[in-house]
Amino acid sequence: MSGTALIYDDEMTRYKLLWTDPTCEIEKPERLMVSYEALKSKGLAERCESFTVREATEEEILLAHSKEYLEAVKQTPHLSLEELMSFTQQYSDVYFHPNIYHCAKLAVGATLQLVDNVMTGKVRNGMALVRPPGHHSQRNAANGFCVFNNVAIAALYAKKHYNLNRILIVDWDIHHGQGVQYCFEEDPSVLYFSWHRYEHQTFWPCLAESDYDGMGKGKGAGFNINLPWNKVGMTNSDYLYAFLQVLLPVAYEFDPELVLICAGFDSAIGDPEGHMCASPEIFGHLTHLLMSLANGRLCVVLEGGYNLTSLAQSVCQTVQTLLGDPTPILTGIGSPCHSAVESVQNVQAVHQSHWSCFNHITVSLVSEPSTKRSRKEDGDGEDTTETKDKTDKTEDIVWAEPLPRPAPPVRTVAVVPTELEDCLPEGCQHLGEISQLYIEEAKKIRNDHARDMTNEKSLQCLQNVLSVLEKIRNKEVCNGMVLVPDVFAFVSCAVQHALGSLCDRVLVVFVGDGNIPLDTQDGRVLLVQICSKEPEGVKSHYHVPVCLSKGLCEAASVIQAVLGLLLPLAYEFGPGLVVEALGDGSSKQDVPVWSQLTSLLQGLGQGRTLALLQRDCGSEMVSATGVSLLGSPAPSLGPLGAPLSEDVEALEAQRQRLKSQWGLLLKTESRTESQDK
Ligand code: X5A
Ligand code: ZN
């Protein structure tokens, strides 16, 4: 199963604001036009599968709205201008037009078509470019440019027609989708995550229930997660931090069967509503990080986004990631700001009793919810450098246009013994011939780094590794897999060659026990070793042993390690290549976790990965590695339980050891520490 759907109909550009209203003028037809034009001009639209848009039926709209509200909206095409204006008056921050009812039905219909095509396996994922947006609209009300709640209806529809029990809605729009929250507040089958500009309840829609303590009710308690941004100017680091610290741990524990994104791009730089500083490229990464959930079933639905340049770029980044192109390198990843850390800590604290991924967090709230704070108390670690002047003209903000993300002609190349060739997934190119091109280089590297690699077969294998690295360097392929006789020696040789010719920094993720002969002193190699026995003599800040008592066998522990330690380090390190190595002692049971790891690591180094597998790792491992390297979603791990407490302790010890060196590790200080300031 593959393919990406793009659902769009230019009919949805045919309504607009007919009177003067400074609040609503930003929601204009051009938003959709520029987004679609950008997808066309970058050649992305034609790579997607397109489907004609249908109107939603009344029955479908009634899944989330009342009969009275539907009947009222249904009359709007027949109203005069004055009548439209006064109809509009009963709602907040929204406008009506004679054609908006038609467009609102198409927006819901487009979203449902996306869900149908993903759920029936006609495509793997997709995006619906729609207007009007949906996430603010409520059972009985239009609100915030929204008429019908496209994504809420989609979730209810998916539950009903596909019998789903777990749906994740990720709302990265800069406004709180209160309409979605209200719809699923008591429903544990729909997990809603929203981050939003909040500024202690002073930013629209200024609701107390948007704060971090709005966490769902009754059976739905814990299934609503609000992450309020109390400052503007949030960056890529803050967004990544929120995903790694809050959303992804919960999402992996929840194990959704379908992921829906309320994709508003008013959270990107240049937006007149959001005033945030995250670059369009971040949406490529946020998308990527969600693509290994729910077996890749991901539906992205447009919400806000009002800077036309930033919007179009962000839409392109998102769709290009859905299509599987390599993600761009994020530069400048480091510490989240004080305010972001505080919000994250508060969310973790209130959700501790609902999600075992937060069990280990030993802190309680660092600040009261906004409703309980006194108005004067705004000296919450006031860091004026981060507080942007709100009168800044967002139109004047400039940023670099995202670089093209070319995909090599062949994504994955593999060198495996003949008897395993048949295990390689379709599309994975097999490099059959032993390359003679690199014999001199191979001998040199062996003499310098692997003196005891004496036999002829090993030298030939080393030549193959070098030739794969050269193909990566020449951009003929994106990644490769080689089965090797001695993974320790080969990692060392591969890293040496890569540093000499391919990039400045290499991330090595080594799964297995033993001492890896790698020099990590100069900061050019970051070695993260997932093992079950503590390796000896670890001194360097660039060697991070992650000691898990059951190795890869306990998925909850591995995911915690990957999200809480490996990925923060990796994103901040910013490698040009990832060398992923599987030592001996792996078993068939490790395959799903290894696949997830391989998929997640594709977000680093523009997807350039060299996977070195110990020769006897088994055909399932070979095949699964090939699948993940090709960009197919890793199979989901099932709902996760609590990570083992000894593993949590080991992770915490590493975090303590490393946190002064790595900004993105910054986390949950102890309560006493934070009260001391
Ligand atoms: C979908 C969306 C924003 C409404 C802002 C009203 N709505 N001030 O981004
Ligand atoms: Zn918005």
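Structural data are supplied above this passage.
Quick summary incoming for the structure in this document. Everything quoted here is computed from the prediction, not taken from an experiment.

### Points about the packing of helix H8 (residues 236-254) against helix H15 (residues 555-573)
Then, in step 1: Two elements in contact, H8 and H15, have axes separated by 10 Å at closest approach and are oriented at 160°. The angle between the axes of H8 and H15 places the two elements in the roughly antiparallel class. Viewed along their axes, H8 and H15 form a crossing whose handedness is right-handed. Judged by residue contacts, Leu 240, Leu 244, Leu 248, Pro 249 and Tyr 252 of H8 engage Ile 559, Leu 563, Leu 567, Pro 568 and Tyr 571 from H15.
Then, in step 2: Partitioning the contact of H8 with H15 into residue classes produces ten nonpolar, no polar and no charged.

### Describing the sheet that holds strand E10 (residues 428-430)
Then, in step 1: The eight strands are arranged E10-E9-E11-E16-E15-E12-E13-E14 in an open sheet whose pairing can be described as parallel. Lying at the two open borders of the sheet, with one neighbouring strand each, are E10 and strand E14 (543-547). Each strand axis lies, on average, 15° off the axis of its neighbour in the sheet, ignoring direction.
Then, in step 2: Here strand E15 (residues 577-582) runs beside strand E16 (residues 609-614); their pairing, made up of five bridges, is parallel. Residue Leu 582 lies in a different strand from E16, and its bridge partner there is Leu 613.
Then, in step 3: In the packing of helix H17 (residues 619-629) onto the sheet, the strands contacted are strand E9 (410-415), strand E11 (477-484), E15 and E16, and the crossing angle to E11 comes to about 170°.

### A few points about the site of ligand 1
Then, in step 1: Every one of the 14 residues lining ligand 1 counts as a neighbour, but Asp 93, Gly 144, His 175, Asp 266 and Tyr 306 are closest to it.
Then, in step 2: Within the contact set of ligand 1, a nitrogen atom lies 2.8 Å away from a side-chain nitrogen or oxygen of Asp 93.
Then, in step 3: Gly 144 is positioned with one of its backbone polar atoms (N or O) 3.0 Å from a nitrogen atom of ligand 1.
Then, in step 4: Isolated, ligand 1 exposes 310 Å² of accessible area, and the fraction of that covered by the protein chains is 98%.

### Topic: unusual backbone geometry
Then, in step 1: Residue Pro 132 is bonded to the preceding Arg 131 through a cis peptide linkage, with omega at -10°.
Then, in step 2: With respect to the helices, strands and loops of the structure, Pro 132 is situated in the loop between strand E3 (125-128) and helix H6 (150-162).
Then, in step 3: In this structure, the amide linkage connecting Trp 204 to the following residue, Pro 205, adopts the cis form with an omega of 5°.
Then, in step 4: Here Pro 205 is to be found in the loop between strand E5 (190-197) and strand E6 (224-229).
Then, in step 5: Residues other than glycine seldom take positive phi values, yet Asn 163 does so here, at roughly 55°.
Then, in step 6: Note that Asn 163 resides in the loop between H6 and strand E4 (167-171).
Then, in step 7: You will see that Gln 201, though not glycine, has its phi angle at about 70°, which is positive.
Then, in step 8: Its location among the elements puts Gln 201 in the loop between E5 and E6.

### A short note on the sheet that holds strand E8 (residues 298-302)
Then, in step 1: The strand order E2-E1-E3-E8-E7-E4-E5-E6 describes an open sheet built from eight strands, whose pairing is parallel. Edge strands, defined here as strands with exactly one partner in the open sheet, are strand E2 (49-51) and E6. The sheet shows a mean angle of 15° between the axes of neighbouring strands, direction not considered.
Then, in step 2: For strand E7 (residues 258-263) and E8, the ladder comprises five bridges, and the chain directions are parallel. Paired with Leu 260 across the strands is Cys 299, a residue of E8.

Reading the values: the criteria
Residues numbered from 1 in each chain as written. Chains lettered and ligands numbered in written order. Predicted model: local features only at pLDDT ≥ 70, side-chain atom pairs only at ≥ 80, totals over all residues. Heavy atoms only, no water. Axes fitted to C-alpha atoms, helices over the stretch in contact; angles between N-to-C directions. Helix = DSSP H or I, 4+ residues; strand = E, 2+ residues; numbered from the N terminus. Parallel < 35°, antiparallel > 145°, perpendicular 65-115°, else oblique. Left-handed = near helix turned anticlockwise from the far one by under 90°. Contact = heavy atoms within 4.5 Å. Nonpolar A, V, L, I, M, F, W, Y, C, P; charged D, E, K, R; others polar. Pairing = 2+ DSSP bridges. Near = heavy atom within 4 Å. Polar contact = N/O pair within 3.5 Å; in protein donor to acceptor, adjacent residues only side chain to side chain. Areas by Shrake-Rupley, 256 points an atom, 1.4 Å probe, with all protein chains shown as cover.

Keep in mind that these numbers describe shape and distance, not what the molecule does.
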